[in-house]
Amino acid sequence: MDPLRRSPSPDSSQPSSPRSPPCEMLGYVGIEAVLDQLKIKAMKMGFEFNIMMVGQSGLGKSTMVNTLFKSKVWKTTPPGLVGPMPRTLQLHSVTHVIEENGVKLKLTLTDTPGFGDQINNDKCLRALDIEFLQRLSQTVNVVPVIARADSLTIEEREAFRHRIQHNLKAHCIDVYPQQCFDEDVNDRILNSKIRERIPFAVVGSDREHLVNGRCVLGRKTKWGIIEVENMAHCEFPLLRDLLIRSHLQDLKDITHNVHYENYRVYRLNSSHVLPRGPGWVNLALTPTSPPATPGPSKFCRRRRTHDNTTEEY
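Since the structure is predicted, the reported quantities are computational estimates derived from the model, not experimental observations.

Enquirer: I would appreciate a short explanation of the overall build of the chain in the present structure.
Expert: Across its full length, the chain holds eight helices and 10 strands. Taking all 313 residues of the chain together, 28% fall into the buried category. A fraction of 55% describes how many contacts in the chain between residues 6 or more apart in sequence connect residues 24 or more apart. Accessible surface, the chain: about 22,600 Å² in total, of which carbon and sulfur atoms supply 55%.

Below is the structure:
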């Protein structure tokens, strides 16, 4: 055999060219692959959500939050416990991590104990509520609710809702979802239906009862079972869908992109951190934000022109 025509041995020192995988192994590659990357990243990092509950003691704020997330995320006062109500102006926050189907949610709950406990608001919003909502709506998203709606008849509930809506409109209190943030026709239609039902008449309960052979969340009274998830009994499903199913990410985006940025600009203007000089601009906030600090004072000077007259500049 001709030695010049021998095939190379397996241990030949010649470098072998890299082999690329066949095209059918890679599959189709498109920009929609970004969605898969975002999903994987979100599953790893999880989500954060902050809720502050404001209202009088005994309205069922803790029970409503436990019902909302179907978990014991907030301790309720044991029934039958007799003792003085805590009177404090300090905020109380608790953080929990809730995991469902591999998705983690870091939930921070802030309570306002003793808020308005000594003030009567049987008929409409109180002056304290109006002042509080006007300030709060400038920095966070506000979703008003009618607590313990089972204590009202259908007629009383609707009349109370209309009075609250009138108070909000009369005092220019913009609650979530804000009409100015409706991005398209579909958002406008959906949010308009939500705004018609605000404030939601809700009933909270973290106890299950047997109704017609099925377990339901509800409150047991001498008249029957008030089902929390039954729209014929209360509007808790609307509140849950708004906060979790349909608008959770939008709530976070508006908080970060609108409320936080307005607050940051307000703080920068008030602390005189922004440079002032030629080309300085006073950053104006949106109407729903605290008023910006006044701009720099305008000094008036005079100078003599060539014809011996004076002019201001």
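The discussion continues.
Enquirer: Help me understand a nonpolar patch on the surface, please; the structure alone is not making it clear to me.
Expert: A surface patch of nonpolar side chains, about 290 Å² in accessible area, is lined by Val34, Leu35 and Leu38. Assignment of secondary structure puts valine 34 in helix H2 (residues 33-45).

Enquirer: Would you mind going over the sheet that holds strand S8 (residues 224-227) with me for this structure?
Expert: Reading across the sheet, the three strands line up as S6-S7-S8 and stay open at both edges, with antiparallel pairing between neighbours. Each edge of the open sheet carries a strand with a single partner, namely strand S6 (208-211) and S8. Strand after strand, the sheet turns through a mean of 70° between neighbouring axes, direction not considered. Bridge count between S6 and strand S7 (residues 214-221): four bridges; the pairing is antiparallel.

Enquirer: Please clarify how the side chain of glutamate 227 should be interpreted in this entry.
Expert: Turning to its location among the elements, glutamate 227 is positioned in strand S8. On the basis of relative accessible area, glutamate 227 is assigned to the buried category, the value being 10%. Filtering out sequence-adjacent residues up to four positions away, glutamate 227 remains in contact with Val211, Arg214, Val216, Leu217, Gly218, His233 and Cys234.

Enquirer: What is the right way to look at the sheet that holds strand S3 (residues 103-111) in this model?
Expert: Working definition: the strands of a sheet are paired by backbone hydrogen bonds and lie parallel or antiparallel to each other. Read across the open sheet, the three strands follow the order S1-S3-S2; overall the sheet is mixed. Pairing within the sheet leaves two strands with one partner each, and these edge strands are strand S1 (47-53) and strand S2 (92-100). When the angles between neighbouring strand axes are averaged without regard to direction, this sheet yields 20°. Looking at chain direction, S2 and S3 are connected through nine bridges and run antiparallel. Paired with histidine 96 across the two strands is leucine 107, which belongs to S3. Taken strand by strand, helix H3 (residues 61-69) contacts S1, S2 and S3, and its axis lies near 155° from that of S1.

Enquirer: Teacher, can you tell me more about the packing of H3 against helix H7 (residues 236-246) here?
Expert: When two helices pack together, you describe them by how their axes are tilted relative to each other and by the distance separating the axes. Direction vectors running N to C along H3 and H7 enclose 65°, while the axes themselves pass 10 Å from each other. One way to sum up the angle between H3 and H7 is to call them roughly perpendicular. Where H3 crosses over H7, the handedness of that crossing is right-handed. For the pair formed by H3 and H7, the contact residues are Met64, Thr67, Leu68 and Phe69 on the first element and Phe236, Leu239, Arg240, Leu243 and Ile244 on the second.

Enquirer: So what exactly am I meant to see when it comes to helix H4 (residues 127-136) here?
Expert: For an α-helix, 3.6 residues make a turn, and residues three or four places apart therefore share a direction. Every buried residue of H4 is accounted for by Asp129, Ile130, Leu133 and Leu136. Down the axis, H4 shows its buried residues gathered within 140° of arc, on one side only. In H4, the exposed residues that point more than 90 degrees away from the buried face are Ala127 and Arg135. In the core, the buried residues of H4 are packed alongside S1 and helix H5 (154-170).

Enquirer: Please explain helix H6 (residues 185-197) as it appears in this structure.
Expert: Taking 1.5 Å of rise per residue, 13 residues should cover 18 Å, and H6 covers 19 Å from first to last C-alpha, within 8% of that figure. With a side-chain oxygen lying 3.3 Å from the backbone nitrogen of asparagine 186, the N-terminal cap of H6 falls on aspartate 184.

Enquirer: How should the layout of surface pockets be read in this particular structure?
Expert: The probe, sized like a water molecule, is rolled over the atoms to show the empty space still left. By volume, the second largest pocket amounts to about 470 Å³. As for the second largest pocket, its lining consists of 15 residues, and the residues nearest its centre are Glu100, Val103, Leu105, Ile244 and Leu248. For the lining of the second largest pocket, the secondary-structure elements that each account for two or more residues are H3, S2, S3, H7 and helix H8 (248-270). Residue composition of the lining of the second largest pocket, grouped by class: eight nonpolar, two polar and five charged.

Enquirer: I keep staring at the nonpolar core and nothing clicks. Help me out?
Expert: Most often, soluble globular proteins keep nonpolar side chains buried together rather than apart. Grouped together as the largest cluster of nonpolar side chains are 42 residues, with contacts concentrated most on Phe49, Ile51, Phe69, Leu107, Leu168, Phe200 and Phe236. Elements with a contribution of two residues or more to this core: S1, H3, S3, H4, H5, strand S5 (200-201), H7 and H8. Not counting chain neighbours up to four residues away, the residues in contact with leucine 168 comprise Leu125, Leu133, Pro144, Ile173 and Val175.

Enquirer: Is there a simple way to explain the pattern of salt bridges in this structure?
Expert: Two side chains bearing opposite charge may form a pair once their charged atoms approach each other closely. In total, this model carries 12 salt bridges according to the counting rule given. In this structure, arginine 161 and glutamate 158 form a salt bridge, with 3.0 Å as the shortest nitrogen-oxygen distance. Placement of both arginine 161 and glutamate 158 in helix H5 is noted, with a separation of three residues, approximately one turn of the helix. Judged by relative accessible area, glutamate 158 falls into the partly exposed class, the value being 23%. With a closest N to O distance of 3.4 Å, arginine 214 and glutamate 227 form a salt bridge. In this pair, arginine 214 sits in strand S7 while glutamate 227 sits in strand S8, placing the two residues 13 residues apart along the sequence. In the salt-bridge network here, residues are joined through shared partners; they are Glu158, Arg161, Arg197 and Glu235.

The rules behind each value
Residues numbered from 1 in each chain as written. Predicted model: local features only at pLDDT ≥ 70, side-chain atom pairs only at ≥ 80, totals over all residues. Heavy atoms only, no water. Helix = DSSP H or I, 4+ residues; strand = E, 2+ residues; numbered from the N terminus. Buried < 20%, exposed > 50% of the residue type's maximum accessible area, 1.4 Å probe, protein only. Contact = heavy atoms within 4.5 Å. Areas by Shrake-Rupley, 256 points an atom, 1.4 Å probe, with all protein chains shown as cover. Patch = residues over 30% accessible without salt bridge, like charges linked within 9 Å, V, L, I, M, F, W, Y side chains within 5 Å. Salt bridge = Lys/Arg side-chain N within 4 Å of Asp/Glu carboxyl O. Pairing = 2+ DSSP bridges. Axes fitted to C-alpha atoms, helices over the stretch in contact; angles between N-to-C directions. Parallel < 35°, antiparallel > 145°, perpendicular 65-115°, else oblique. Left-handed = near helix turned anticlockwise from the far one by under 90°. Arc of directions from axis to C-beta. Expected span 1.5 Å × (residues − 1). Polar contact = N/O pair within 3.5 Å; in protein donor to acceptor, adjacent residues only side chain to side chain. 1 Å grid on protein atoms, 1.4 Å probe; cavity = no way out; pocket = protein on both sides within 12 Å on 5 of 7 lines; lining within 4 Å. Points joined across faces, edges and corners; volume = space filled by probe spheres on them. Nonpolar A, V, L, I, M, F, W, Y, C, P; charged D, E, K, R; others polar. Core = buried A, V, L, I, M, F, W, Y, C linked by side-chain atoms within 4.5 Å.

Honestly, that's just the spatial picture; any functional story needs more than this.
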